[in-house]
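Close look at the chain arrangement
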Amino acid sequence: MSAYDRRDLGLLLLRLGAGGVLAAHGAQKLLGWFGGGGIEGTGQFMESVGYSPGRANARMAGLAEAGGGTLLALGLATPAAGAAAAGAMAGAAAVHAPNGFFNAEGGYEYAATLGLAATGLAITGPGRLSLDHALGHIFDRGWMVPAALAATAAGTAVVVGLRNKRVREEKEGEQEALFEESMAR
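Note that this is a predicted model, so its numbers are computed, not measured.

1. Let's talk about the pattern of salt bridges
For the structure shown, the criterion picks out five salt bridges. Two residues, R7 and D8, come together in a salt bridge whose shortest N-O distance is 3.8 Å. According to the relative accessible area criterion, R7 is partly exposed, its value standing at 41%. Of the residues examined, D8 reaches a relative accessible area of 4% and is grouped as buried. Linking R55 and E40 is a salt bridge whose minimum nitrogen-to-oxygen distance equals 2.5 Å. Of this pair, R55 sits in helix α3 (residues 54-74) while E40 sits in helix α2 (residues 38-48); the two residues are 15 residues apart in sequence, bridging distant segments of the chain. Owing to a relative accessible area of 44%, E40 belongs among the partly exposed residues under this scheme. Salt bridges linked by common partners bring D5, R7, D8 and R128 together as one network.

Next up, the structure:
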């Protein structure tokens, strides 16, 4: 097996793994599959963590994950697919960031790993065992990589920035207890 064959097989496995997980997460949001909340439940959750309107954000996140994940797994439109999935994972990481890095404590480790894998695939390309390669890379041109990543970064920055502003404003309205209950006795 040559180095090229090994590289293509490795990219295929990475695409199938990361893309499959992302597609399943998107199906949870959009369709309620695999124990997910569907648009309604996910929309309520999105509202509760500051993404408003919840249903619209649930649709966007679900489409980015399901669509981006499916396209990554197929190796089709890889720059756009990887960028879309990475944007969705950046939004998820913003929710988990206050809990630290590790997933065991509710941190952003998992979202960051999927986002970095998707970004890496967008940059590296899908390899020869892909639909992009079979179609002559018509949806995988060199200029598409920075364009897709820049557009997604800009859109994600706006959405996450608005979410963070909402969360800050909600916390400003809350008053912390001046004394701990045990000290007040």
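Still to come is the rest of the account.
2. Comments concerning the environment of G91
Relative to the assigned elements, G91 resides in helix α4 (residues 78-96). G91 has contacts with Y51 and V160, leaving out every residue within four places of it along the chain.

Conventions and cut-offs
Residues numbered from 1 in each chain as written. Predicted model: local features only at pLDDT ≥ 70, side-chain atom pairs only at ≥ 80, totals over all residues. Heavy atoms only, no water. Salt bridge = Lys/Arg side-chain N within 4 Å of Asp/Glu carboxyl O. Buried < 20%, exposed > 50% of the residue type's maximum accessible area, 1.4 Å probe, protein only. Helix = DSSP H or I, 4+ residues; strand = E, 2+ residues; numbered from the N terminus. Contact = heavy atoms within 4.5 Å.

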